[in-house]
Amino acid sequence: MSTDNVESTFLQRTSRWKLIILLLVLALIITVIISLGLGSTSVPVQDILTIIGKRIPFLDSFIDSSSVSAASEAIILEARLPRIIAGVLIGAALAAAGVLYQGVFKNPMADSYVLGVSAGAAVGASASILVGAGFVFFEFRLIQVAAFIGALSAMFLVYNLARVGSRVPVTTLLLCGIAVNFFLFAVVGVLEIIAANKLHDIVFWLMGGYSNVYWQDIWAILPFIVIGIVVAFFYVRDLNLLAMGEETAHHLGVNVERSKQILLVLASLITAAAVSVCGLIGFVGLMIPHLTRLLIGPDHRILLPTSTIIGAIFLVLCDDLARVLSTLFSAMSTRDWPVGIITMLFGAPFFVFLLKKKKQSYAA
Amino acid sequence: MLLNVDGVECRYGSVKVLDDVSLSVKGGDFVGILGPNGSGKTTLLKSISRILKPHKGTILLNEADIYSLKSTDVAKQLAVVPQDTSIGFNFAALDIVLMGRNPHMKRFQMESEKDMAVARKVMNLTNIWHLAERPINELSGGEKQRVIIARALAQEPKILLLDEPLTHLDIVNQLEIMDLVKDLCVKEKLVVLAVFHDFNLAARYCNSAVMLKKGKIFSAGSLTEVLTSENIKSVFNVDAIVTKHLVTNSVFVIPLSPQKSSPSKKCSIHLICGAGTGTALMKVLLDEGYSVTAGVLNVLDTDFETAQFLKIPVTTEAPFSPITVKTHKANLAMISEASTVVLTSVPFGGGNLQNLEAALAAVKMGIPTFVIEEVPIERRDFTGGKAKALLAELKSKGAEFVKDKNELLSLLNVSVEKLKIAKKERDRILDHLKPEEVPKKTKIRW
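Please read all numbers here as calculations on a predicted model, not as lab measurements.

Definitions and limits used
- Residues numbered from 1 in each chain as written.
- Chains lettered and ligands numbered in written order.
- Predicted model: local features only at pLDDT ≥ 70, side-chain atom pairs only at ≥ 80, totals over all residues.
- Core = buried A, V, L, I, M, F, W, Y, C linked by C-beta atoms within 7 Å.
- Buried ≥ 20, exposed ≤ 12 C-beta atoms within 10 Å, placed from the backbone.
- Helix = DSSP H or I, 4+ residues; strand = E, 2+ residues; numbered from the N terminus.
- Contact = placed C-beta atoms within 7 Å.
- pLDDT = per-residue confidence, 0-100.
- Pairing = 2+ DSSP bridges.
- Axes fitted to C-alpha atoms, helices over the stretch in contact; angles between N-to-C directions.
- Parallel < 35°, antiparallel > 145°, perpendicular 65-115°, else oblique.
- Nonpolar A, V, L, I, M, F, W, Y, C, P; charged D, E, K, R; others polar.
- Domains from an automatic or database assignment.
- Left-handed = near helix turned anticlockwise from the far one by under 90°.

Counting 191 residues, the largest nonpolar core has Ile90, Ala93, Ala96, Ile270 and Ala274 of chain A together with Val97 of chain B as the members making the most contacts within it. The element contributing the most residues to this core is helix 4 (residues 70–105) of chain A, with 18 residues. In this structure Ile90 of chain A touches Tyr210, Ala274, Val277, Cys278, Ile281 and Leu315 of chain A, once residues within four positions along its chain are discounted. If you look at the next biggest cluster of nonpolar residues, it comprises 41 residues, including Leu271, Ala338, Ile372 and Leu391 of chain B.

Shown next as structure tokens:
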């Protein structure tokens with residue numbers, strides 16, 4: 001191995017990274033288009049492209065949509081597209097939050113729920129199911145608003161419990177997160193006990209899924225997730241340095257407490273927004289960052305964008321599988337398969353396979 | 001002044017760990033920070049590197065309060081090599097070194113060719129350029145430490161803080177790294193503040209030193225001013241011999257392990273030694289708790305110097321002179337006070353044959369006598385057989401022969417234990433012989 005090429009290899013990383021991101025975006029688009037075609041009524045790819053193209057300004061005048069039936073258009077735009085876009089957003093959100101948490105905590109076990117966000121959302125959602133989830137609140141369903149508020153309250157509770165003066169040590173943060181998680185899930189347990197005939201709804205919400213998502217849900221969470229991830233990009237190099245340990249990051253010119261605070265708030269906002277729509281989808285926030293790290297290395301400058309896109313692709317694919325399985329097993333149960341089951345059922349073995357294969361390079 | 005620490009006081013909770021510490025350094029200074037564990041060395045570095053804000057006092061970097069500066073501005077001038085160098089994620093060595101460029105880069109900037117050139121330069125300096133693409137966790141401890149030092153140098157700092165930078169390094173690595181740092185200090189006027197545990201490394205590389213005791217500066221100045229046996233004794237509670245190193249001509253410290261227990265717990269031992277054969281034994285016996293005497297030793301003999309240092313009473317003879325009758329008698333008087341005599345494997349010539357006779361006298365006095373026979377007498381008898389004959393007589397009269405120091409120690413301990421047991425047994429018997437006391441309060445009533 002000649003070390004003279006090392007410099008150029010490292011300097012040209014940016015172009016290699018751009019290529020990787022471009023390819024992943026392409027993969028995501030293809031996944032979305034294929035997913036739109038899947039389901040009880042099959043819609044050809046050509047029609048899908050026409051329907052979507054028709055909705056894009058300036059492009060619509062060049063597209064002849066006369067060949068597409070109104071029924072196909074309704075299925076694609078009102079039923080499938082929101083669900084798939086929700087998958088993209090939620091998958092991206094959970095994976096990105098996972099990257100941020102793992103980086104800040106310097107801990108491989110950290111996931112997007114580490115600060116009690118999941119438990120907080122679960123309490124909010126369960127409580128609203130008890131009250132009556134159908135209640136609509138400024139066009140948003142109560143259950144979502146309650147889950148979002150629950151998630152953020154839990155996060156602020158954990159953050160303030162863990163604070164020592166002006167500093168927030170990550171160890172206390174992790175431990176407070178665990179304690180609050182246990183406590184709030186106990187509250188969920190109590191709510192389940194008194195839920196009686198609504199128990200079923202709570203259990204299914206906890207399994208995680210977004211099969212009945214509407215466009216307004218997406219518009220509600222989109223700004224949180226997009227702005228959250230974009231702002232997080234300002235701190236990717238700080239994340240690299242934080243991975244070296246907080247003192248080292250401090251010595252290398254990072255304003256540690258401020259960066260940490262901003263990153264944690266961003267990650268929690270992103271997660272809370274996602275969880276408010278989809279309930280508890282496990283695995284994505286924990287494993288997608290690891291999987292991406294296995295594939296492309298630990299540098300957060302490339303890890304954050306790739307994890308985000310891979311998370312999106314992964315969740316859309318899992319949801320496709322959930323839809324297919326729901327159709328196959330529709331004779332046994334009319335329930336939709338929650339995508340949270342799929343992510344764990346298929347994601348975990350795949351991850352273990354990858355870990356076995358590449359464990360040498362991953363062992364710390 | 002590049003760095004000015006003035007009256008700094010730091011606390012952890014209510015515990016004061018630094019108390020009124022002041023020092024100032026200018027370009028090219030290489031300051032060693034010395035002190036026992038818990039004396040505040042690391043805390044001092046922490047307050048200078050803005051991790052622990054002092055409760056009182058100021059730290060000025062180029063005349064500006066270091067706590068009012070931006071993180072990146074400080075990082076451009078001040079780099080730290082920490083004690084703990086564990087790294088969580090598996091970055092390539094070059095990635096880690098490039099992180100040192102962080103304070104010089106803007107938020108969205110990627111590393112430029114200039115950053116790369118700096119990284120390459122410092123990695124060549126630390127001799128790790130060939131490891132550039134290797135994952136950090138596959139490197140050895142020494143290589144990792146070099147990567148961390150390269151990262152600090154990549155910051156292009158004016159001041160380098162080293163917190164026990166050599167803990168993970170073997171001796172060659174230690175010297176190479178310190179030579180490099182010293183070189184930068186001399187040529188580039190880099191200021192180095194380094195915590196050392198090894199006095200001799202500090203003495204070799206620093207041009208001044210600060211010795212801390214319980215958070216206060218106990219001594220500061222040149223190495224010869226700071227590293228004295230008095231300072232080392234009062235700060236570290238360790239006896240040390242301070243000389244000049246023959247080769248490097250820097251201050252050279254030979255610390256002696258701290259006295260483990262006070263004498264008088266056990267019995268007293270008289271050493272018949274010389275020519276350095278007793279040196280190691282003296283220290284060991286003192287540590288074991290025996291009180292030690294020695295003789296006859298010539299002044300300037302190695303054993304004499306050791307005895308002087310360890311404050312062991314010695315019967316002395318003038319340098320390079322044979323033992324006179326007078327000294328021999330004085331020695332016998334000393335022997336009669338001892339409860340055990342030990343004869344080392346000292347070579348015998350015309351000058352010290354009398355010491356062998358002294359040992360024989362000890363046996364005749366009934367004092368338990370041990371003879372260490374590490375070197376056969378044939379090879380150290382320069383008296384034409386007289387010494388050999390005397391040694392044989394010693395053996396026949398009941399002196400105990402042991403093959404080395406360790407055997408001696410175990411035998412000594414056994415005999416001391418025996419003595420203790422014998423004493424206890426005697427006390428017990430004496431107890432029994434005491435007339436039984438009648439309890440006074442007992443009154444019999446009908």
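Detailed reading of the predicted model is not advised wherever pLDDT is low. Residue and element names in this part refer to chain B. Of the residues in chain B, 90% reach a pLDDT of 70 or more, and the chain-wide mean stands at 84. Considering each helix and strand of chain B separately, the mean pLDDT is smallest for helix 15 (residues 405–433), with a value of 69, and largest for strand 3 (residues 30–34), with 94. Across the interface, the model reports ipTM at 0.83; the global pTM reads 0.76.

Moving on, we come to unusual backbone geometry. Residues and elements named next belong to chain B. That bond from Gly295 to Val296 is cis: its omega, -10°, falls within 30 degrees of zero. Looking at the element boundaries, Val296 is found in strand 14 (residues 291–298). Look at Asp20: it is not a glycine, yet its phi comes out positive at around 50°. Among the structural elements, Asp20 can be located in strand 2 (residues 15–25).

Let's shift gears to the environment of Cys176 of chain A. Residue and element names in this part refer to chain A. Among the structural elements, Cys176 can be located in helix 7 (residues 170–195). Given 20 C-beta atoms within a 10 Å radius, Cys176 is considered buried. Separated by 16 residues in sequence, Cys176 and Asn160 place their C-alpha atoms 9.4 Å apart. Among all residues touching Cys176, those that are not within four sequence positions of it are Val158, Leu161 and Ala162.

All names here are of chain B. Strand direction decides the pairing type here: strand 1 (residues 3–12) and strand 4 (residues 56–61), joined by five bridges, are antiparallel. Its bridge partner being in strand 4, Leu3 is matched across the sheet by Leu61. Pairing of strand 1 with strand 2 involves seven bridges; the strand directions are antiparallel. Directly across from Asn4, in strand 2, lies its bridge partner Ser24. If you look at the hairpin formed by strand 1 and strand 2, you'll find two residues sitting between the two strands, and Gly13 has a positive phi there, around 65°.

Residue and element names in this part refer to chain A. Two elements in contact, helix 3 (residues 45–55) and helix 4, have axes separated by 10 Å at closest approach and are oriented at 70°. One element, helix 3, and the other, helix 4, form an angle in the roughly perpendicular class. Each of Asp47, Ile48 and Ile51 in helix 3 lies in contact with helix 4, whose residues at this interface are Ser72, Glu73, Ile76 and Leu77. When grouped by side-chain class, the residues that make up the contact of helix 3 with helix 4 number four nonpolar, one polar and two charged.

This part covers the domain arrangement of chain B. Entries for chain B in the domain assignment read domain 1 (3–255) and domain 2 (268–408). Taken over C-alpha atoms, the centre of domain 1 of chain B sits 49 Å from the centre of domain 2 of chain B.

Attention now moves to the environment of Leu3 of chain B. Locating Leu3 of chain B in the fold gives a position in strand 1. Spatially, the C-alpha atoms of Leu3 of chain B and Lys405 of chain B are 53 Å apart, while their sequence positions differ by 402 residues.

Residues and elements named next belong to chain B. Spatial strand order, 6-7-8-3-9-10: six strands in an open sheet with mixed pairing. Across the chains shown, the open sheet's two edge strands, defined by having one partner strand only, are strand 6 (78–81) and strand 10 (216–221). Recorded for the sheet is a direction-independent mean angle of 15° between the axes of neighbouring strands.

The next point concerns the interface of chain B and chain A. By convention, interface size is frequently given as the accessible area that disappears when the constituent parts associate. Chain B puts 30 residues into the contact, and the matching count from chain A is 24 residues. Contributing elements (two or more residues each) for the side of chain B that touches chain A: helix 2 (71–77), strand 6, helix 3 (93–99) and helix 4 (113–125) of chain B.

As a further point, take the pairing of strand 9 (residues 208–213) of chain B. All names here are of chain B. Examined bridge by bridge, strand 3 and strand 9 share four bridges and lie parallel to one another. Each bridged residue has a counterpart across the sheet, and for Val31 the counterpart in strand 9 is Ser208. As defined by bridge partners, strand 9 adjoins strand 10 across five bridges and the pair is classed as antiparallel. Bridge assignment links Ala209 to a residue of strand 10, and that residue is Gly221. Counted between consecutive antiparallel strands, the loop separating strand 9 from strand 10 contains two residues, among which Lys214 sits at a positive phi close to 50°.

Residues and elements named next belong to chain A. Where helix 6 (residues 142–162) meets helix 12 (residues 256–278), the axes come as close as 8 Å, and the angle between the chain directions of the two elements is 155°. Of the possible angle classes, the one that applies to helix 6 and helix 12 is roughly antiparallel. The way helix 6 lies across helix 12 gives a crossing that is right-handed. Across from Gln144, Ala147, Phe148, Ala151, Leu152, Met155 and Tyr159 in helix 6, the residues of helix 12 making contact are Leu264, Ser268, Thr271, Ala272, Ala273, Val275, Ser276 and Val277. Tallied by class, residues from the contact of helix 6 with helix 12 come to 11 nonpolar, four polar and no charged.

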